[in-house]
Amino acid sequence: MTIFFTADEHFGHTKIMQYCKRPFASIEEMDETFIERHNAVVCPKDTVYHLGDFSFWNHGKYLS
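Structural notes, computed from the coordinates. (Residues numbered from 1 in each chain as written. Predicted model: local features only at pLDDT ≥ 70, side-chain atom pairs only at ≥ 80, totals over all residues. Heavy atoms only, no water.)

Moving on to the nonpolar core. Among the nonpolar cores identified, the biggest contains seven residues, and these are Phe11, Ile16, Met17, Phe24, Ile27, Met30 and Phe34. Take this core: its biggest share by element is three residues, from helix α2 (residues 27-41). For Met30, the residues in contact, after removing those within four places along its chain, are Glu9, His10, His13, Ile16, Met17, Arg22 and Phe24. (Core = buried A, V, L, I, M, F, W, Y, C linked by side-chain atoms within 4.5 Å. Buried < 20%, exposed > 50% of the residue type's maximum accessible area, 1.4 Å probe, protein only. Helix = DSSP H or I, 4+ residues; strand = E, 2+ residues; numbered from the N terminus. Contact = heavy atoms within 4.5 Å.)

For the rest of this paragraph, the subject is the layout of surface pockets. The rolling of a water-molecule-sized probe over the atoms marks out the regions of remaining empty space. By volume, the largest pocket amounts to about 260 Å³. Lining the largest pocket are 13 residues, and of these Thr6, Glu9, Phe34, His38 and His50 sit closest to its centre. Elements that contribute at least two residues to the lining of the largest pocket include exactly β1 (3-6), α2 and β2 (47-50). Of the residues forming the lining of the largest pocket, the biggest block, four residues, is contributed by α2. Across the lining of the largest pocket, the residue classes tally to eight nonpolar, three polar and two charged. (1 Å grid on protein atoms, 1.4 Å probe; cavity = no way out; pocket = protein on both sides within 12 Å on 5 of 7 lines; lining within 4 Å. Points joined across faces, edges and corners; volume = space filled by probe spheres on them. Nonpolar A, V, L, I, M, F, W, Y, C, P; charged D, E, K, R; others polar.)

Given two aromatic rings, their pairing is described by the distance between the two centres and the angle made by the two planes. As enumerated under the stated definition, the model contains three aromatic pairs in all. For the pair Phe24 and Phe34, a centre-to-centre distance of 5.8 Å together with 85 degrees between the ring planes defines the contact as edge-to-face. Of this pair, Phe24 sits in the loop between α1 (15-19) and α2 while Phe34 sits in helix α2; the two residues are ten residues apart in sequence, bridging distant segments of the chain. Three or more aromatic residues link up through ring pairs in this structure, and these residues are Phe11, Phe24 and Phe34. (Phe/Tyr/Trp six-rings, centres within 6.5 Å; stacked < 30°, edge-to-face > 60°.)

Residues Met1, Ile3, Phe5, Tyr49 and Leu51 make up a contiguous nonpolar surface patch of about 630 Å² in total accessible area. Residue position: Phe5 is located in strand β1. Residue Phe5 is classed as exposed on the basis of its relative accessible area of 57%. (Patch = residues over 30% accessible without salt bridge, like charges linked within 9 Å, V, L, I, M, F, W, Y side chains within 5 Å. Areas by Shrake-Rupley, 256 points an atom, 1.4 Å probe, with all protein chains shown as cover. Salt bridge = Lys/Arg side-chain N within 4 Å of Asp/Glu carboxyl O.)

Next up on the list: the side chain of Asp46. Relative to the assigned elements, Asp46 resides in the loop between α2 and β2. Buried charged residue Asp46 carries no salt bridge. Nearest counter-charge: Lys45, at 9.8 Å. Separated by 2.9 Å, the side chain of Asp46 and the backbone nitrogen of Thr2 make a polar contact. A polar contact of 2.7 Å, which involves the side chain of Asp46, links it to the backbone nitrogen of Cys43. Not counting residues up to four positions away in its chain, the partners in contact with Asp46 are Met1, Thr2, Phe4 and Val41. (Lys, Arg positive; Asp, Glu negative; His and termini not counted. Polar contact = N/O pair within 3.5 Å; in protein donor to acceptor, adjacent residues only side chain to side chain.)

Right, here's the structure in full:
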């Protein structure tokens, strides 16, 4: 069993590609790439700690 730490994936956050100059053509490409890379390394019995900013979804009425 291995322990992993990660943060700031920002799944679903389209503007993060611009803010952080992430090299993806779309949010779907970014999310899929992160998931593929995660699954290539992390095994079922491993532990992953997500330390913050895991995802972002625009819920409209909650955002200005």
